[in-house]
Amino acid sequence: MEGQFFYWFFWSLWVIATFCLNKSTKRLMIAIVALLTIILSVSTLKNDSMSVSYSYVMLLVVCYAVISKKRWNQQIYTFISMITITFAYVSFHLFELFDPVWVLFDRKWMLTIPLVYVTFMLAKNAKDRVVLFVTGLCHGELLYFIILQRFNFYYEIGSLNFLDVVSIGLFLIMSWAAFEYFTKYFDLLIHKNIKEKQG
């Protein structure tokens, strides 16, 4: 079913941000973005030659806003890293289009896991990974649409399938970030207990 990962993840994200996180601007922004992404997912901007999901546009604008606050050298690195993810995304889709036999498992997971792995290699912290992953996928979606236009194939930019891939990737990135956080927390607790016993 299209959109099941998307709705599950973004509703969970909104609930966690609204009820579990401490009051802050960051919490408010996460809740707003999650809710708006869900609301806008049912609307598309259409004309004769293209169809674009409003959720896609919003995610891309949010990522651009975050990137714009970085220093120029970080922006250049992000741009180069984003190109890597973009080409990886498009390459998978083109292979799937011309030779679908090799897609042995659920295509969403087969696409997402390698892209998340590349994202982990290119970015050091959770925030940068999220921005890099989403921006790379958004540009990949646009590039894939441009390629399909040459063959007169219809393709909706930012469809629920795309949002599913984004959601699975964000889930994996945030799960790893939570694992890292709790690992450091328990490590500090163990060291604290050892020091107390020694003291």
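In what follows, the structure referred to is the one given above.
What counts and how
Residues numbered from 1 in each chain as written. Predicted model: local features only at pLDDT ≥ 70, side-chain atom pairs only at ≥ 80, totals over all residues. Heavy atoms only, no water. Helix = DSSP H or I, 4+ residues; strand = E, 2+ residues; numbered from the N terminus. Buried < 20%, exposed > 50% of the residue type's maximum accessible area, 1.4 Å probe, protein only. Contact = heavy atoms within 4.5 Å. Lys, Arg positive; Asp, Glu negative; His and termini not counted. Charge placed at Lys NZ, Arg CZ, Asp CG, Glu CD. 1 Å grid on protein atoms, 1.4 Å probe; cavity = no way out; pocket = protein on both sides within 12 Å on 5 of 7 lines; lining within 4 Å. Points joined across faces, edges and corners; volume = space filled by probe spheres on them. Nonpolar A, V, L, I, M, F, W, Y, C, P; charged D, E, K, R; others polar. Salt bridge = Lys/Arg side-chain N within 4 Å of Asp/Glu carboxyl O.

Draft legend 1. Representation of the overall build of the protein within the structure. When helices and strands are counted, the protein shows 7 helices and 3 strands. When the helices and strands of the protein are read in sequence order from the N terminus, they spell out α-α-β-β-α-α-α-α-β-α. When the backbone C-alpha atoms are referred to their principal axes, the protein occupies close to 75 × 40 × 35 Å. In the protein, which comprises 199 residues, the proportion classed as buried is 36%. For the protein, restricting intrachain contacts to residue pairs at least 6 apart in sequence, the fraction spanning at least 24 positions comes to 68%. The average position of the 17 basic charges and that of the 12 acidic charges among the side chains of the protein differ by 14 Å.

Draft legend 2. Inspection of the environment of leucine 97 at higher detail. Positionally, leucine 97 belongs in helix H4 (residues 72–98). For leucine 97, a relative accessible area of 34% corresponds to the partly exposed category. Discounting chain neighbours no more than four positions away, the residues touching leucine 97 are Tyr144, Leu148 and Phe153.

Draft legend 3. Just the layout of surface pockets, in detail. In this model, the largest pocket occupies a volume close to 1600 Å³. Forming the walls of the largest pocket are 41 residues, and the residues nearest its centre are Lys26, Ile30, Lys127, Val130 and Met174. At the level of elements, helix H1 (4–19), helix H2 (25–40), helix H3 (54–68), helix H6 (126–149) and helix H7 (160–198) are the ones that each hand at least two residues to the lining of the largest pocket. Top contributing element to the lining of the largest pocket by residue count: H7, with 10 residues. For the lining of the largest pocket, the class distribution of residues is 28 nonpolar, 5 polar and 8 charged. Each pocket or cavity is described by its volume, and for the second largest pocket that value is around 200 Å³. As for the second largest pocket, its lining consists of Lys70, Asn73, Gln74, Tyr77, Thr78, Leu122, Ala123, Lys124, Asp128, Val131 and Leu132. Of the residues forming the lining of the second largest pocket, the biggest block, 4 residues, is contributed by H4. Looking at the lining of the second largest pocket residue by residue, the classes come out as 5 nonpolar, 3 polar and 3 charged.

Draft legend 4. Representation of the side chain of threonine 119 within the structure. Structurally, threonine 119 is set in helix H5 (residues 107–122). Note on threonine 119: relative accessible area 0%, which makes it buried. Sequence-distant contacts of threonine 119, defined by excluding residues within four places in its chain, comprise Ile85, Arg129, Leu132, Phe133 and Ile173.

Draft legend 5. Representation of the pattern of salt bridges. In this structure the tally under the stated criterion is 3 salt bridges. With a shortest N-O distance of 2.6 Å, lysine 70 and aspartate 128 are connected by a salt bridge. One end of the pair, lysine 70, is in the loop between H3 and H4; the other, aspartate 128, is in helix H6, with 58 residues separating them in the sequence. For lysine 70, a relative accessible area of 17% puts it in the buried group. Residue classification places aspartate 128 among the partly exposed positions, given a relative accessible area of 25%. Its salt-bridge partner being lysine 108, residue aspartate 164 comes within 2.6 Å of it at the nearest N-O pair. Of this pair, aspartate 164 sits in helix H7 while lysine 108 sits in helix H5, and the two are 56 residues apart along the sequence.

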